[in-house]
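Spelled out from the first residue to the last, the chains are:
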Amino acid sequence: MTKALLLATTILVAAPFTAAAQSGAPAVDTVQQGVLVFEPAFFADGSPNTALDMIARLPGFCLDTGNNNTRGFAGAAGNVLIDGDRPSSKSDGLDGILRRISAASVERIELIRGGAPSIDMQGRSVVANVVLKRTVQIQTVLEANTYVYPDGHLGPLLQASWSRREGESQLEASLSATTDRTDDTGDGYRRRYNAAGVPIQTADLDRWDRFRNVRGTAAWQGLSGGGRLRVNGVLGWHKAENSIDTLIRTGAGRNERVENEGDEVEAELGLNWARALGERAELELTGLQRFEVDNDESRSFSGLNSVAFGGEGTAGETIGRAVLRFRPSDRWAFEGGGEAAYNFLDSATTYVENGVPVALPSASVKVEELRGEVFGQTSWRPDPRLTVEAALRVEVSEISQSGDSDLTRTFIYPKPRLQVTWTPVADHQVRLRLEREVDQLDFEDFIASADVDLNQVEGGNPELEPAKAWVLEAVYERRFWGEGALTLTAQFKRWEDLIDVIPLTGGFEAVGNIGDGSSSYQQIAVTLPMDRLGLPNARLVARATISQSSVTDPLTGEGRRFSGQIAFGCGINFNQDLGGGRWSYGFQHGCNLDDQVQYRIREVRNIEKEPFVTVYGQWKPRPDLTVRLDLGNATDREQRRERLVYSGPRNSAPLSFREERGTRMSPWLFIQIRKTL
């Protein structure tokens, strides 16, 4: 795979074909070479249903929905804008928003590389901007979907959405409900060996799980107070249950049953108001309120022994944000503003062994954060082919804990960024970035938790500090054959205060800072149109990534990789449209070959998942009706986990046993019927 991509790199970089010479090529913005404009005609052969389908067809672009778990508004942004703005919601995923925008409502999609006038790049080097039509667009969509499994189980998914758009006025609503299972359902095995490699136990595993979701969204947009006001809301409920039965076949030990269940309710209300201040300036205000309630319970039974862990939590977030943008000319753009946020997590946990409560470190804690950020950035375009962006963000946060531990800490971090985008000739672009990144602390790490199925308990750690890194990144992009793209990426990070697992007094372990380290990766990504190879309206997308990292293990003092990092990963997607999009088919293949290694205090885990294959076929008998079939997990892949379990800390205690565990989830069929009214 890697050799093939390297060969493709050599050929395509030197290829004389230019995008402008192809009939299916996007238009190049005459003001700035970094902007490619994709009209609806570009997507016509695929007959897309939604804006999400169109985004998936952008050559050389990969959708990033952002991280909605990030506290604050700035760091949660994805890489797609709608009419130049990011959605004013965190709970409503970017992919879901794009799925509710019909392809017929899209005027064009702009692929912006390096910045463009009046566009907030959200700190990214590449974003896609979906520009909607200003004429009246009314749509009602109904979907009846279901997962079908070989044992006869069905996982129905019902969705409905309605929208009306006219210029700046928009009104939309959606509702979805599902009940299904995941790949945590299936049969498996567990084998244990002593330190000498002699088998000491074999067992069968019977894994079962179910989940249910109900979710509703609503949004209104219109003119108010001399500007554009958007109000959106989300309300959702989620419940999950699962169990694992371990049946001993040979060796010592008792049968065991582990049960987990939890439910969650979340609600969000967001507001965004933007107003032009003359021809060259704009003020944007954003407010957001989120609230969430979680309840979880885990139980383990083995003979007369029992373990129970319970947790209840309430979390919330309040955000206010203001941004002022000023563009004195097409060469210069300035932006400044600030954001304030209040976050909290109030959680209580209990742990009981054989009916006797066990005290855990930081079992009942309320974590609160007052968070502020001021920022300013300047974009300079001395030439249509060159963009330079300089930015500085200063983050201030005060995190306080009360309950089992009382502590208040203040963090102040400047986060500068310098980014240069250069298009020396048509179809060739180089992007360079130097930036200081600061991770956020996970409130869950402050509070005790447990993996009951592994008989493992983690204490909370109030002494955590955020991990920080200097990032240097270089990207080379080559456009070819109209719809083709080749991207080479190299990135290096120098880390401080990395977070992993550390020992605690009393025999517990917790998430904590383990020191400094470094990481890097190199990636080749190719979007290859197949028309010249005899397959019209077909495209192959391939990616290969090689990653390296180094950190000092907190127990052994020796160098190792970061926990959970995959050294080599790759993926291949293929699809072809026939009959003007009336028929489509394709496949996805995830070909990661390396294991994830997780380092804990008393064990080392190796996690391996066999490559997956998904095959699909789609039929559109009419423009308003789509029938699609997906065959997932076509190879019935096995997921394996190896545990090296020590009798104490792994740097000093002998190996107690080695455990191999493997499970399979059968293939599944997804049937989708989508009707536009």
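Residues numbered from 1 in each chain as written. Predicted model: local features only at pLDDT ≥ 70, side-chain atom pairs only at ≥ 80, totals over all residues. Heavy atoms only, no water.

1. Regarding the overall build of the chain
Regarding its fold elements, the chain presents four helices and 36 strands. With respect to the three principal axes, the spread of C-alpha positions in the chain is 75 × 55 × 50 Å. In the chain, 65% of the contacts between residues at least 6 apart in sequence involve partners at least 24 apart. Carbon and sulfur atoms form 57% of the exposed surface of the chain, whose accessible area is close to 29,800 Å². (Helix = DSSP H or I, 4+ residues; strand = E, 2+ residues; numbered from the N terminus. Contact = heavy atoms within 4.5 Å. Areas by Shrake-Rupley, 256 points an atom, 1.4 Å probe, with all protein chains shown as cover.)

2. Thoughts on the packing of aromatic side chains
Inspection of every chain in the model, using the stated rule, returns 14 aromatic pairs. With 6.1 Å between their ring centres and 15° between their planes, F411 and Y413 make a pair best called stacked. Looking at F411, the relative accessible area reads 6%, which means it is buried. Aromatic rings pair up to connect F38, F42 and F43 into one cluster. Sitting over the ring of Y189, R191 keeps its end group 4.0 Å from the ring centre. Here R393 stacks its cationic end above the ring of F375, 4.8 Å away from the centre of that ring. (Phe/Tyr/Trp six-rings, centres within 6.5 Å; stacked < 30°, edge-to-face > 60°. Buried < 20%, exposed > 50% of the residue type's maximum accessible area, 1.4 Å probe, protein only. Lys NZ or Arg CZ within 6 Å of the ring centre and 35° of its normal.)

3. With respect to the environment of G236
Among the structural elements, G236 can be located in strand β11 (residues 227–251). Overall, the relative accessible area of 7% leaves G236 in the buried class. Linking G236 and T676, residues 440 residues apart in sequence, is a C-alpha distance of 24 Å. In contact with G236, other than residues within four places in its own chain, are V214, R215, E264, V265 and E266.

4. Side note on the side chain of D209
On the secondary structure map, D209 appears in strand β10 (residues 199–224). Within the buried set, D209 has no salt-bridge partner at all; the shortest N-O distance to an opposite charge, 4.9 Å, is to R210. At 2.8 Å, the side chain of D209 forms a polar contact with the side chain of T182. Engagement of the side chain of D209 in a polar contact is seen with the side chain of T185, the distance being 2.5 Å. (Lys, Arg positive; Asp, Glu negative; His and termini not counted. Salt bridge = Lys/Arg side-chain N within 4 Å of Asp/Glu carboxyl O. Polar contact = N/O pair within 3.5 Å; in protein donor to acceptor, adjacent residues only side chain to side chain.)

5. Thoughts on the pairing of strand β9 (residues 186–193)
Along β9, six of the eight residues are buried, which leaves the element largely enclosed by surrounding structure. Pairing analysis gives eight bridges linking β9 to β10, with the strands arranged antiparallel. The partner of D187 across the bridge, within β10, is D206. Remark: five residues form the turn of the hairpin made by β9 and β10, two consecutive strands paired antiparallel; G197 in that turn has positive phi of roughly 90°. In terms of strand pairing, β9 meets strand β35 (residues 655–664) through six bridges, oriented antiparallel. (Pairing = 2+ DSSP bridges.)

6. Some details on the nonpolar core
Grouped together as the largest cluster of nonpolar side chains are 24 residues, with contacts concentrated most on I55, L58, L98 and I109. Residues V365, I399, F411 and L464 belong to the second largest nonpolar core, which totals 11 residues. (Core = buried A, V, L, I, M, F, W, Y, C linked by side-chain atoms within 4.5 Å.)

7. A word on the confidence of the model for the chain
Overall, the prediction assigns the chain a mean pLDDT of 87, with 90% of residues at 70 or greater. Per-residue pLDDT stays below 50 along residues 1–23; that stretch engages in 38 contacts with residues further than four places along the chain or on separate chains. (pLDDT = per-residue confidence, 0-100.)

8. Observations regarding the side chain of K620
Looking at where K620 falls in the secondary structure, it is placed in strand β32 (residues 612–622). Buried K620, no salt bridge; nearest opposite-charge side chain is D53, N-O distance 7.0 Å. One polar contact links the side chain of K620 to the main-chain carbonyl oxygen of S47, over a distance of 3.1 Å. In this structure, K620 is in contact with S47, P48, N49, G581, R582, L625 and T626, ignoring residues within four places of it in sequence.

9. Section: the pattern of salt bridges
Applying the stated criterion across every chain, the model contains 69 salt bridges. Across the salt bridge formed by E168 and R134, the nearest N and O atoms sit 3.0 Å from each other. Within this pair, whereas E168 is found in the loop between β7 (154–166) and β8 (169–180), its partner R134 is found in the loop between β5 (126–132) and β6 (137–148), the two being separated by 34 residues in sequence. Between E435 and R417 there is a salt bridge, with its nearest N and O atoms 4.0 Å apart. With E435 in strand β20 (residues 428–438) and R417 in strand β19 (residues 407–422), this pair connects stretches of sequence that are 18 residues apart. Take R417: its relative accessible area is 5%, and that puts it in the buried class. Within this structure, R190, R192, E603, R605, R641, R643 and E659 form a network of salt bridges that share partners.

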